[in-house]
Amino acid sequence: MDKLSGQILPLGKAAVALSGGLDSSVLLAICADILGAENCLAVSADTPYMMASEQESADKLCRKIGVKRISVRLSIPDCIKNNPPDRCYLCKRLIFGRLIEEASARGFEKLLDGTNAGDLSDYRPGMRALSELGVLSPFLEAGWGKKEIQECALERGMDVAGKPAYACLMTRFETGARIDESLLKMVDESEDFLRSLGFSSVRVRIHGKCARIEVSPDLLQKFCVPENMGVVSAQLKKIGFKYVSVDLEGYRRGAMNAQI
């Protein structure tokens, strides 16, 4: 914690890019402790490709710890509607550029995000955008990974402790696929339904009119029972998919990156 505090304390005041997930939530809570809640600002992007439940989590946390939160509403920018290979970079440039503007307008010149050592093991083109914009990543600089962040959340009794990672909904689509708000809503509703059945680590990947479900490999046997299959298929078809399938390899990070 000393090394992390050494990254944050000299800032005096800071804005934190808050998604509502584990990493950014823990970072904001730590910043509020070190700098004081009045010297922190949470800035969130509200876009069609971010889960609605994450916005609720972000709002709940800020009310609890007494940090002011600004939510910036953004539509799907034209540059990523066709899900290009560099989508993450383009998106991060746009979103964090806006968050920096909003924070700066309120007197917060430094923007922090929850990027950590664990992110280095995955394909993360958006990290280049953060570097170009001067966004600070205290967890990464202090050498913190998911283990340390999770332990901190548990020690603090935070609601996000044990919460699985929820990536941007755009990651559910193939590169080059045309994406609109209705498709993103279908994905969000489908994954929310599957989580309600007890499958927290889940993704619904989209291939045309087919929804390919990924669940944690250790839960595949539990998921693939006849009575469950009927309920899941019926609900996802009701949401709007024509075909529903289950990936026998189970959930894995970056499953759509194989084509990059």
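Higher on the page you've got the structure.
Conventions we followed
Residues numbered from 1 in each chain as written. Predicted model: local features only at pLDDT ≥ 70, side-chain atom pairs only at ≥ 80, totals over all residues. Heavy atoms only, no water. Helix = DSSP H or I, 4+ residues; strand = E, 2+ residues; numbered from the N terminus. Rg over C-alpha atoms; globule rule 2.2 N^0.38 Å. Buried < 20%, exposed > 50% of the residue type's maximum accessible area, 1.4 Å probe, protein only. Contact = heavy atoms within 4.5 Å. Areas by Shrake-Rupley, 256 points an atom, 1.4 Å probe, with all protein chains shown as cover. Lys, Arg positive; Asp, Glu negative; His and termini not counted. Charge placed at Lys NZ, Arg CZ, Asp CG, Glu CD. Pairing = 2+ DSSP bridges. Axes fitted to C-alpha atoms, helices over the stretch in contact; angles between N-to-C directions. Polar contact = N/O pair within 3.5 Å; in protein donor to acceptor, adjacent residues only side chain to side chain.

K.L.:
Just give me the short version of the overall build of the protein chain, but keep the residues and values in it.
P.N.:
When you go through the protein chain residue by residue, the secondary structure sums to 10 helices and 7 strands. Since a compact globule built from 260 residues should have a radius of gyration of about 18 Å, the 19 Å found for the protein chain is in line with a globular shape. The principal-axis extent of the C-alpha atoms belonging to the protein chain is close to 55 × 40 × 30 Å. Within the span of the protein chain, comprising 260 residues, buried residues form 47% of the whole. Long-range pairs, those at least 24 residues apart, make up 75% of the contacts in the protein chain with a sequence separation of at least 6. Surface exposure of the protein chain reaches about 12,300 Å², of which carbon and sulfur atoms provide 51%. Averaging the positions of the 35 positive and the 34 negative side-chain charges in the protein chain gives two centres separated by 3 Å.

K.L.:
Tell me what's going on with the sheet that holds strand 5 (residues 202–207), and back it up with residues and numbers.
P.N.:
Read across the open sheet, the 3 strands follow the order 5-6-7; overall the sheet is mixed. Taken across any chain shown, the strands that pair with only one partner, and hence form the sheet edges, are strand 5 and strand 7 (243–246). With strand direction ignored, the average angle separating the axes of adjacent strands in the sheet is 25°. In the sheet, strand 5 pairs with strand 6 (residues 210–215) via 6 bridges, with the strands oriented antiparallel. Each bridged residue has a counterpart across the sheet, and for His 207 the counterpart in strand 6 is Cys 210. Against the sheet, helix 8 (residues 181–196) touches strand 5 and strand 6, its axis set at about 145° to strand 5. Running over the sheet, helix 10 (residues 226–239) touches strand 6 and strand 7 and is turned about 140° from strand 7.

K.L.:
Account for the side chain of Arg 205, with residues named and values stated.
P.N.:
In this structure, Arg 205 sits in strand 5. Given a relative accessible area of 3%, Arg 205 falls into the buried group. At 3.2 Å, the side chain of Arg 205 forms a polar contact with the side chain of Glu 214. Within polar-contact distance, the side chain of Arg 205 engages the backbone oxygen of Arg 252 at 3.3 Å.

K.L.:
How would you summarise unusual backbone geometry if you had to cite specific residues and measurements?
P.N.:
One non-glycine residue, Asn 83, lies in the positive phi region at around 50°. Summarising the element assignment, Asn 83 is placed in the loop between strand 3 (68–73) and helix 4 (87–105). Given the relative accessible area of 1%, Asn 83 is considered buried.

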